[in-house]
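Working through the structure, step by step
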Amino acid sequence: MDASMINKIQKAGEYASQPERATFTSLTVRFHGANSSYVIRLDAAGWSCTCSGFQKYAICPHIMALENLFKPMLKRRPLPYAPGQNIVSDVEKAKRYSGEVDRIRLVSFECSFEGYNKTHRVTYDEGRWTSTASFFAQRGVCSHTMALEKILKGLVEPARAQPAT
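Conventions we followed
Residues numbered from 1 in each chain as written. Predicted model: local features only at pLDDT ≥ 70, side-chain atom pairs only at ≥ 80, totals over all residues. Heavy atoms only, no water. Salt bridge = Lys/Arg side-chain N within 4 Å of Asp/Glu carboxyl O. Helix = DSSP H or I, 4+ residues; strand = E, 2+ residues; numbered from the N terminus. Buried < 20%, exposed > 50% of the residue type's maximum accessible area, 1.4 Å probe, protein only. Pairing = 2+ DSSP bridges. Axes fitted to C-alpha atoms, helices over the stretch in contact; angles between N-to-C directions. Contact = heavy atoms within 4.5 Å.

A full pass over the atoms with the stated rule returns 7 salt bridges. One salt bridge connects Arg30 with Glu126, and the closest N-O pair in it is separated by 3.9 Å. Of this pair, Arg30 sits in strand E1 (residues 22-32) while Glu126 sits in the loop between strand E5 (119-125) and strand E6 (128-131), and the two are 96 residues apart along the sequence. On the accessibility criterion, Arg30 (39% relative accessible area) is partly exposed. Linking Glu100 and Arg103 is a salt bridge whose minimum nitrogen-to-oxygen distance equals 2.4 Å. Residue classification places Glu100 among the partly exposed positions, given a relative accessible area of 23%. A relative accessible area of 17% means that Arg103 is categorised as buried. Via salt bridges that share partners, Arg96, Glu100 and Arg103 belong to a single interconnected network.

If you want it as structure tokens, here you go:
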């Protein structure tokens, strides 16, 4: 391993301890609930979920769990509770789901990542990473993707580093 890669790994560790450096602009998640599987999305228009609770109340325990898990990276207010929603049950489910990350799989996301020198765009799509960092263009990984792998451990596939040329 060369010195530049060691430097990026060290920087990734520092960045991973500061998840607020990343801001999700969009994401798609597969969520395996107690009864079925759902797809949750976040984009410029806001949250959506394929579950019946979201269809009825425009909020659900799946989104509430993601808001809890990704809070430092969302930079948005949580969805408000809805009239008629079973708040106690949904809060309990969301709390339980937040601790059961094996139910959650990030399919794709786009985020901005504030590095020490500039902000980079990082994307993930079913195991394929991209980053606007020049080191990523050379090596297929960078401190930003490695930090996100640590932050999102178990929810994403790791980026594959290329050997130095």
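What follows covers the sheet that holds E5. Within a sheet, adjacent strands bond to each other through the backbone by hydrogen bonds, running parallel or antiparallel. Strand order in this open sheet of 6 strands is E3-E2-E1-E4-E5-E6, and the pairing throughout is antiparallel. This sheet does not close on itself; its edge strands, each paired only once, are strand E3 (46-49) and E6. Strand-to-strand twist in this sheet, taken as the mean axis angle between neighbours without regard to direction, amounts to 10°. Pairing of E5 with E6, which is carried by 4 bridges, proceeds in the antiparallel orientation. The residue bridging Tyr124 from the neighbouring strand is Trp129, located in E6. Contacts from helix H3 (residues 61-69) reach E1, strand E2 (37-43), E3 and strand E4 (104-114) within the one sheet, and its direction differs from that of E3 by about 135°.

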